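# A structural walkthrough
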Amino acid sequence: MAVGVFDSGLGGLTVLDAVTRALPDVPFVYYGDNANAPYGVRDSDDIYALTTRGVERLFDAGCDLVILACNTASAAALRRMQESWVPPGKRVLGVFVPLIESLTERQWGDNSPPREVRAKHVALFATPATVRSRAFQRELAFRAIGVDVEGQSCGGVVDAIEEGDMILAEALVRSHVDALLRKMPEPDAAVLGCTHYPLVEDVFRAALGPKVDVYSQPDLVAASLADYLGRRPEMAGASGETAFLTTGDSRRVSDQATRFLRRKIAFVQA
Ligand code: DGL
């Protein structure tokens, strides 16, 4: 038994890295659906079908708890999965809520009514499917009032990262930040709402300038998972082995993952 970490491809490795550092004794099984990435240009039925297939594979690998380390899957599929698909005894958690709790200055499980928060103008950088879903605005509205959110669909960034073309990824990030700043000239906070984006976080930060608070998910998700496992230690699965599964070409994916995480990662076929 281990904790599952699901992503459409390599982006969830940014979350895996953070959760491994925060919880060094917990075994994780990572599933990257590299053969079907990117998800951000797919419709929600398609994202739901692919996500449930991947999560099922993680259940089969012995995971009782799966983290959807993918905003696109969290935005387009998680609610439907939690309402009608997740079997008893299993748990699937997304990556949106920890980020929004941090942005709205809340502790886990604080269900008090929405209130005013420091951030007033928030830039959301995410995939087209995540921006279209408006899941971020919905979750935010439960917790905060008076926050203006401007979404920027960052088309092409995930494809470039999956292809290993970081020069293209960086150029696209700069042009998406420019486009956002034309719509919202003075954001006070920016959310990197895709787990691939921490791999180009420096470029986002440089393009946004020092006045913008940048919210990046991996450490927030790790802190929230540590908190959850403190309350539900039986979901941690202390007896399993860490493993990396991919639907893509395992050699190629291993090489890219090793480059991104700067340590040897060996994927096997999912
Ligand atoms: N990294 C994922 C996310 O957080 C998915 C990107 C994609 O496959 O388009 O949204």
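Everything numeric here is computed off the predicted structure, so don't read it as measured data.

Calculation criteria
- Residues numbered from 1 in each chain as written.
- Predicted model: local features only at pLDDT ≥ 70, side-chain atom pairs only at ≥ 80, totals over all residues.
- Heavy atoms only, no water.
- Pairing = 2+ DSSP bridges.
- Helix = DSSP H or I, 4+ residues; strand = E, 2+ residues; numbered from the N terminus.
- Contact = heavy atoms within 4.5 Å.
- Axes fitted to C-alpha atoms, helices over the stretch in contact; angles between N-to-C directions.
- Near = heavy atom within 4 Å.
- Polar contact = N/O pair within 3.5 Å; in protein donor to acceptor, adjacent residues only side chain to side chain.
- Areas by Shrake-Rupley, 256 points an atom, 1.4 Å probe, with all protein chains shown as cover.

With that out of the way, let us pick up the sheet that holds strand β1 (residues 3-7). Working definition: the strands of a sheet are paired by backbone hydrogen bonds and lie parallel or antiparallel to each other. Judged by pairing direction, the sheet is parallel, and its 6 strands sit side by side in the order β4-β3-β1-β2-β11-β12 without closing on themselves. Each edge of the open sheet carries a strand with a single partner, namely β4 (91-93) and β12 (268-269). Examined bridge by bridge, strand β3 (residues 65-68) and β4 share 3 bridges and lie parallel to one another. Its bridge partner lying in β4, Leu 65 is registered against Arg 91. Along the sheet, helix α2 (residues 44-60) contacts β1, β2 (28-32), β3, β4 and β11 (243-246); its crossing angle with β1, the most-contacted strand, is approximately 155 degrees. Against the sheet, helix α11 (residues 217-231) engages β2, β3 and β4, with an angle of about 160 degrees to β3.

Right, let's get into the site of the ligand. Inspection of the region around the ligand gives 13 residues, with Ser 8, Tyr 39, Asn 71, Thr 72 and His 196 positioned closest. At 3.3 Å, a side-chain N or O of Asp 7 approaches a nitrogen atom of the ligand. One of the side-chain nitrogen or oxygen atoms of Thr 72 is found 2.6 Å away from an oxygen atom of the ligand. Contact with the protein chains removes 99% of the 300 Å² of surface that the ligand exposes when unbound.

On to the environment of Val 3, then. Within the secondary structure, Val 3 is located in strand β1. Through-space distance from the C-alpha of Val 3 to that of Leu 172 is 33 Å; in sequence the pair is 169 residues apart. For Val 3, the contacting residues outside a window of four places in its chain are Val 26, Pro 27, Phe 28, Val 29, Cys 63, Leu 65, Ile 67, Met 235 and Ala 236.

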